[in-house]
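This is what each chain is made of:
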Amino acid sequence: MTQQDEEALARCYLFSPLNEQERKDAFHEMHISVGIFPAGAVVCSPEHFFPAMIYVISGTLTIERTRQKKSVFLKEIGAGESFGAAGLFGDCESYPTTVRAKTDVRFAAMDEESLKRLFLSYPKTAVAHIEFLSERVRFLNEKLDATTGRNVESKVSKCLLDMNGKDALHRRLNMTKMAESLDIGRASLYRLLTRFQAEGLISFTDGRVTVLDPEGLKKKADSSPPPPHETDS
């Protein structure tokens, strides 16, 4: 690994919490493979992948997903980004997407054992990895909300209509229990209630809900969910 490789890798989220000496020690202790993916090469696919965290030092890759025998472009990743987390720490028998080198790509690969060693030696890197994965989960949840929005809207509308006129509706809502009963995220429920209020369907104040437009809610409750859309998740 060259000095330039180390300087690039130091910007990876895993190593950014470490000081210069800690990074040097970590690089020495870990097994980090540096290489080149030639342009056009399939790096990972559902049928062929190797469990490792891949950090892109230079170049560009594309991520695709196969749906109904057709390849669907999801996004590009470039220098400073990483991939491979989906194939680590578990009995993963396949990879969810196909990763292809759009240009020549210089990369650094860290296998599972090296990452475990890093996390044990420097716990703050484990925290950085958890934060990275949490951000991915939030991103995917937002995508899921977008693709199932009208279905969620229908469920919440039906729930509010069912509660309308009952004492439960006029007491402070337990948002966590309501979200769990509807199998949606608490943040998604809050955003939806806020939007319903902006549309004049309900009054949502101090955690209490009053139905203002039952017919409007009924239209949302009766609406069919949209067909699924492709996402870059």
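It should be emphasised that the depicted structure is a prediction, and the values quoted were computed from it without experimental measurement.

A. Structural context of the packing of aromatic side chains. Overall, the coordinates contain 5 aromatic pairs when judged by the stated rule. Judged by centre distance (5.0 Å) and plane angle (70°), the rings of Phe15 and Phe27 are edge-to-face. Of this pair, Phe15 sits in the loop between helix 1 (3-9) and helix 2 (20-29) while Phe27 is found in helix 2, placing the two residues 12 residues apart along the sequence. Grouping residues by exposure puts Phe15 and Phe27 together as buried.

B. Spotlight on the side chain of Thr125. With respect to the helices, strands and loops of the structure, Thr125 is situated in helix 4 (residues 123-147). At 2.6 Å, the side chain of Thr125 forms a polar contact with the backbone oxygen of Tyr122. Once residues within four sequence positions are removed from consideration, Thr125 is found in contact with Leu14, Leu18, Leu118 and Phe119.

C. Representation of helix 3 (residues 112-121) within the structure. Among the residues making up helix 3, those that are buried are Ser114, Leu115, Leu118 and Phe119. Looking straight down helix 3, one finds its buried side chains confined to an arc of 135°; they lie on one side.

D. Seen up close, the sheet that holds strand 3 (residues 52-58). Ordered in space as 1-8-3-6, the 4 strands form an open sheet in which the pairing is antiparallel. Lying at the two open borders of the sheet, with one neighbouring strand each, are strand 1 (32-37) and strand 6 (82-83). Bridge count for strand 3 against strand 8 (residues 105-111) is 6 bridges, and the pairing is antiparallel. The partner of Met53 across the bridge, within strand 8, is Met110.

E. Focus on the environment of Ala187. On the secondary structure map, Ala187 appears in helix 8 (residues 186-198). In the structure, Ala187 is positioned 12 residues away from Met175 in sequence and 9.2 Å away in space, judged by C-alpha atoms.

F. The arrangement of unusual backbone geometry in detail. Notably, Asp183 is not glycine yet its phi reads approximately 60°, a positive angle. For Asp183, a relative accessible area of 66% translates into the label exposed.

G. Quick look at the sheet that holds strand 5 (residues 70-77). Spatially, the 4 strands line up as an open sheet ordered 2-7-4-5, and their pairing is antiparallel. On the outer flanks of this sheet lie strand 2 (42-44) and strand 5, each paired with one strand and no other. Averaged over all neighbouring strand pairs, the angle between strand axes comes to 35°, with direction disregarded. For strand 4 (residues 61-67) and strand 7 (residues 98-101), the ladder comprises 4 bridges, and the chain directions are antiparallel. Paired with Ile63 across the strands is Val99, a residue of strand 7.

About the cut-offs
Residues numbered from 1 in each chain as written. Predicted model: local features only at pLDDT ≥ 70, side-chain atom pairs only at ≥ 80, totals over all residues. Heavy atoms only, no water. Phe/Tyr/Trp six-rings, centres within 6.5 Å; stacked < 30°, edge-to-face > 60°. Helix = DSSP H or I, 4+ residues; strand = E, 2+ residues; numbered from the N terminus. Buried < 20%, exposed > 50% of the residue type's maximum accessible area, 1.4 Å probe, protein only. Polar contact = N/O pair within 3.5 Å; in protein donor to acceptor, adjacent residues only side chain to side chain. Contact = heavy atoms within 4.5 Å. Arc of directions from axis to C-beta. Pairing = 2+ DSSP bridges. Axes fitted to C-alpha atoms, helices over the stretch in contact; angles between N-to-C directions.

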